[in-house]
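Listed below are the residues making up each chain.
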Amino acid sequence: MRLRSVGVNTGDERALRRRATRAFGRRLAVARAIIGYDGEDEFRVRLTHELVAARADELATAVYGHLMKFPETASFFQLAHGSRDREHIGRRIDSLTEWLASMDGPLDEDAAARLIDIGRAHTARAGDPALRVHARYLLMTISFVQTAVVDLLAEHIEDLRELAMTAAAWNKLLMIHLDLFLAACDGAGASGHWY
Ligand code: HEM
């Protein structure tokens, strides 16, 4: 009896990836529409992006400094004997800096796929479940970032209405990013308790 191969060949994989990328792009478009991130928001983010990019390293360092204060989040950055894994923290600061410094790019399918990849990095990728970062910590970290960005904007924008509109634009954009991160957590085989 001949067994039929059930393996996925490279062509199938590419097709699957293309289909997934289109689905992520659609998800991003829906999030963008429902959150109401419009052309004016985009303009305001682009206008102020350099302020955030210039301080991205400082913001990222503050994020991890904050995460290290709590056992629930610090545990991801500790060595076996409990001391800080400085090398890992350094790598995380670098990747967070890169993310913060590239927030002015187009919100297209490629951006959606990159955001899904970031989300996926927190799912332990079907490895040790202890390494899975719960979605709630991503959410809380986004909140920390929102506050830090608003503080930074407040240093530069004197007009209160403009400050409020610009802060709102950044908040909306960060919510779109969070939605894509959560999509990865949701689809990573996590249970109904993924959050
Ligand atoms: C605003 C929220 C966050 C953003 C934007 C973010 C961003 C990133 C990025 C860009 C990477 C690298 C992805 C890659 O190499 O493919 C990463 C990896 C990682 N992050 Fe986050 N992160 C966030 C929150 C957190 C939190 C709250 C924790 C833990 C408490 C955490 C723990 C980790 C760990 C452990 C890795 C390495 C995963 C691996 O080994 O692949 N992150 N993060």
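The text that follows walks through the structure, step by step, so that each part is easy to find.

What counts, and where the lines are drawn
- Residues numbered from 1 in each chain as written.
- Predicted model: local features only at pLDDT ≥ 70, side-chain atom pairs only at ≥ 80, totals over all residues.
- Axes fitted to C-alpha atoms, helices over the stretch in contact; angles between N-to-C directions.
- Helix = DSSP H or I, 4+ residues; strand = E, 2+ residues; numbered from the N terminus.
- Parallel < 35°, antiparallel > 145°, perpendicular 65-115°, else oblique.
- Left-handed = near helix turned anticlockwise from the far one by under 90°.
- Contact = placed C-beta atoms within 7 Å.
- Nonpolar A, V, L, I, M, F, W, Y, C, P; charged D, E, K, R; others polar.
- Core = buried A, V, L, I, M, F, W, Y, C linked by C-beta atoms within 7 Å.
- Buried ≥ 20, exposed ≤ 12 C-beta atoms within 10 Å, placed from the backbone.
- Near = placed C-beta within 6 Å.

So, the packing of helix α7 (residues 135-156) against helix α8 (residues 160-186)
For the pair α7 and α8, interaxial distance at closest approach is 10 Å and the crossing angle is 160°. The angle between the axes of α7 and α8 places the two elements in the roughly antiparallel class. Considering how the two elements wind past one another, α7 and α8 form a crossing that is right-handed. Taken together, the residues of α8 that come into contact with α7 (itself represented by Ala-135, Leu-138, Leu-139, Ile-142, Val-145, Gln-146, Val-149, Val-150, Leu-153 and Ala-154) are Leu-163, Thr-166, Ala-167, Trp-170, Asn-171, Leu-174, Leu-178, Phe-181, Leu-182 and Cys-185. Of the residues contributing to the contact of α7 with α8, the split by class is 17 nonpolar, three polar and no charged.

Brief notes about the nonpolar core
Judged by nonpolar contacts, the single largest core of 32 residues is most densely connected at Ile-116, Leu-180 and Phe-181. Contributions of two or more residues to this core are made by α1 (10-35), α2 (39-54), α3 (56-67), α5 (86-101), α6 (109-121), α7 and α8. The greatest single-element share of this core, amounting to eleven residues, is contributed by α8. Setting aside anything within four residues of it in sequence, one finds Leu-180 in contact with Phe-24, Arg-27, Leu-28, Ala-112, Leu-115, Ile-116 and Gly-119.

Re the site of the ligand
If you check the shell around the ligand, you find 17 residues, and the closest are Thr-73, Ser-95, Ala-121, Tyr-137 and Thr-141. Only α5, α6 and α7 provide two or more residues apiece to the shell around the ligand. Per-element tally for the shell around the ligand: the top contributor is α7, with five residues. Of the residues contributing to the shell around the ligand, the split by class is eleven nonpolar, four polar and two charged.

Comments concerning the environment of Ala-148
With respect to the element layout, Ala-148 can be found in helix α7. Once residues lying within four places of it in the same chain are set aside, the contact partners of Ala-148 are Leu-59 and Ala-62.

Considerations on the packing of α3 against α5
Here α3 crosses α5 at 130°, and the two axes come no closer than 8 Å. Taken as axis vectors, α3 and α5 run oblique relative to one another. Where α3 crosses over α5, the two elements pack in a sense that is right-handed. Contact residues: α3 offers Ala-56, Asp-57, Leu-59, Ala-60, Thr-61, Val-63 and Tyr-64, while α5 offers Ile-89, Arg-92, Ile-93, Leu-96, Thr-97, Leu-100 and Ala-101. In the contact of α3 with α5, the residues fall into ten nonpolar, two polar and two charged.

Thoughts on the environment of Ala-183
Note that Ala-183 resides in helix α8. Assessed through the 20 C-beta atoms surrounding it within 10 Å, Ala-183 is described here as buried. Those residues within four positions of Ala-183 in sequence are excluded, and the remaining contacts are Arg-27, Ile-116 and Gly-119.

That is the geometry; function is a separate question.
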